[in-house]
Amino acid sequence: MTDVVFRSDKAAEQVEAQYRQVLDQWPVPKSELRIPTRQGSTFVLACGPEDAPPVVLLHGSQANSAAWMPDVTLWSSKFRLLAVDMIGEAGLSARVRPDLDTDAHALWLDDVFEGLGIRAARLVGTSLGGWLALDYASRRPSAVQALALICPAGIGRQKNFLLKAAPLLLLGPWGKRKIREKVFGPAPSELPAEMQLMADLMQTVGRAIKPRVVKLPQLTDEQLGQLDMPILTIVGGRDVLLDSRDTRVRLERSVPHAEICFIEDGYHFLPNQSQRIMEFLQRTVEPAKG
């Protein structure tokens, strides 16, 4: 059977080996869970107090739960974090890619929630994970207590970045570096050791994975208007993949209660948002009843 996720078994093995190296550096105690679902096995990293409010973390495309490593120390101090490797991506979950314009992913998350023993949770999603969070909130509003979205797909117009990037692919390593800079911003001159492991993993993923070349479904104005849970959306004005200004306009029009943080010089990758999201999540926790 053709692998819809990785270019080869060897590529998949290399990604898993480097992913394991990153997980060995996880900054807080964690447990690794395998949840059976109708789409196959789903890998979940759990950390934080077991009796704390649950927060489900949904990473973006061409990534895995290693993406949350810079955030988990702070967030796990107050919340039970459940970082889910999305099916069809570069993690340890099933290598399947059901259509995005059906309820397949919502049904899959139903199984994940049931396997984790949770009925409702706060969701934090970035990029494709933001779309996944929005899709689930639209279809299962009672299961979503709040949404924190970082450069989410599913609201603003999806840009055709591939057309602009194609000529750069012909220019070898220099061209690929320029593509990365357009998406993620200029790379820092030096990274801490644990962050270098993550950067190396992401480079390996970029070579190993088959990217999704699809138009992502957008929520309608009516669907957006029905989202009544607390929402924080953080977007970058220099995002080359998604139209952040369109995201802001549509949210302001259809979801007036949503908090919008528009970072004018931000790219599709927006680091250092841990504190902002932590403050939002804490505001959504109901005060203890006396």
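See the structure printed just above.
Described in the following lines is the structure provided in the data block. (Residues numbered from 1 in each chain as written. Predicted model: local features only at pLDDT ≥ 70, side-chain atom pairs only at ≥ 80, totals over all residues. Heavy atoms only, no water.)

1. Considering the pairing of strand β6 (residues 144–150)
With six of its seven residues buried, β6 lies for the most part within the structure. Sheet analysis places strand β5 (residues 121–126) next to β6, joined by six bridges and oriented parallel. Each residue of the ladder has a partner; that of valine 124, found in β6, is alanine 148. In this fold, β5 hands off to helix α4 (residues 128–139), which returns the chain to β6; that crossover is right-handed. Relative to strand β7 (residues 231–236), β6 runs parallel, the two sharing four bridges. Opposite leucine 147, over in β7, you have isoleucine 231 as the bridge partner. (Buried < 20%, exposed > 50% of the residue type's maximum accessible area, 1.4 Å probe, protein only. Helix = DSSP H or I, 4+ residues; strand = E, 2+ residues; numbered from the N terminus. Pairing = 2+ DSSP bridges. Right-handed = clockwise from strand over helix to strand, strands pointing away.)

2. Focus on helix α9 (residues 244–254)
In an α-helix, one turn spans 3.6 residues; hence positions three or four apart end up facing the same way. Of the positions making up α9, those classed as buried are Ser244, Thr247, Arg250, Leu251 and Ser254. The arc that holds the buried residues of α9, viewed along the axis, is 125°, so those residues lie on one side. Buried positions along α9 lie against α8 (221–225), β7 and β8 (259–263). For α9, the N-terminal capping position is held by aspartate 243, with its side-chain oxygen 3.2 Å away from the main-chain nitrogen of arginine 245. (Arc of directions from axis to C-beta. Contact = heavy atoms within 4.5 Å. Polar contact = N/O pair within 3.5 Å; in protein donor to acceptor, adjacent residues only side chain to side chain.)

3. Thoughts on unusual backbone geometry
The phi torsion at glutamine 62 lies on the positive side, around 55°, for a residue other than glycine. Examined against the element boundaries, glutamine 62 turns out to sit in the loop between β3 (54–58) and α2 (72–75). For asparagine 272, which is not glycine, the phi dihedral falls at a positive 65°. Here asparagine 272 lies in the loop between β8 and α10 (274–283).

4. Comments concerning α10
Those residues of α10 lying buried are Ser274, Ile277, Met278, Phe280 and Leu281. Projected down its long axis, α10 shows its buried positions confined to an angular sector of 165°, all on one face. Residues of α10 that are buried sit in contact with β3, α2, β5, β6, β7 and β8.

5. Comments concerning the nonpolar core
With 44 residues, the main nonpolar core has Val124 and Ile277 as its most contacted residues. If sequence neighbours within four positions are ignored, isoleucine 277 has contacts with Trp75, Val124, Ala148, Ile150, Leu232 and Ile234. In terms of nonpolar packing, the next biggest core, distinct from the first, is built from 43 residues, Val112, Val144, Ala153 and Met229 among them. (Core = buried A, V, L, I, M, F, W, Y, C linked by side-chain atoms within 4.5 Å.)

6. Some points on the sheet that holds strand β4 (residues 80–84)
Strands pair in a sheet through their backbones, by hydrogen bonds, and they do so in one of two ways: parallel or antiparallel. Strand order in the open sheet made by the eight strands is β1-β2-β4-β3-β5-β6-β7-β8, with mixed pairing throughout. The open sheet terminates on both sides in strands that have one partner only, identified here as β1 (30–37) and β8. Recorded for the sheet is a direction-independent mean angle of 20° between the axes of neighbouring strands. Judged from the eight bridges that link them, β1 and strand β2 (residues 40–47) form a sheet pairing that is antiparallel. Bridge assignment links proline 36 to a residue of β2, and that residue is serine 41. Strands β1, β2, β3, β4 and β5 of the sheet are contacted by helix α3 (residues 104–116), whose axis makes an angle of about 130° with β1. This element, α10, spans β3, β5, β6, β7 and β8 of the sheet and lies at about 165° to β7. (Axes fitted to C-alpha atoms, helices over the stretch in contact; angles between N-to-C directions.)

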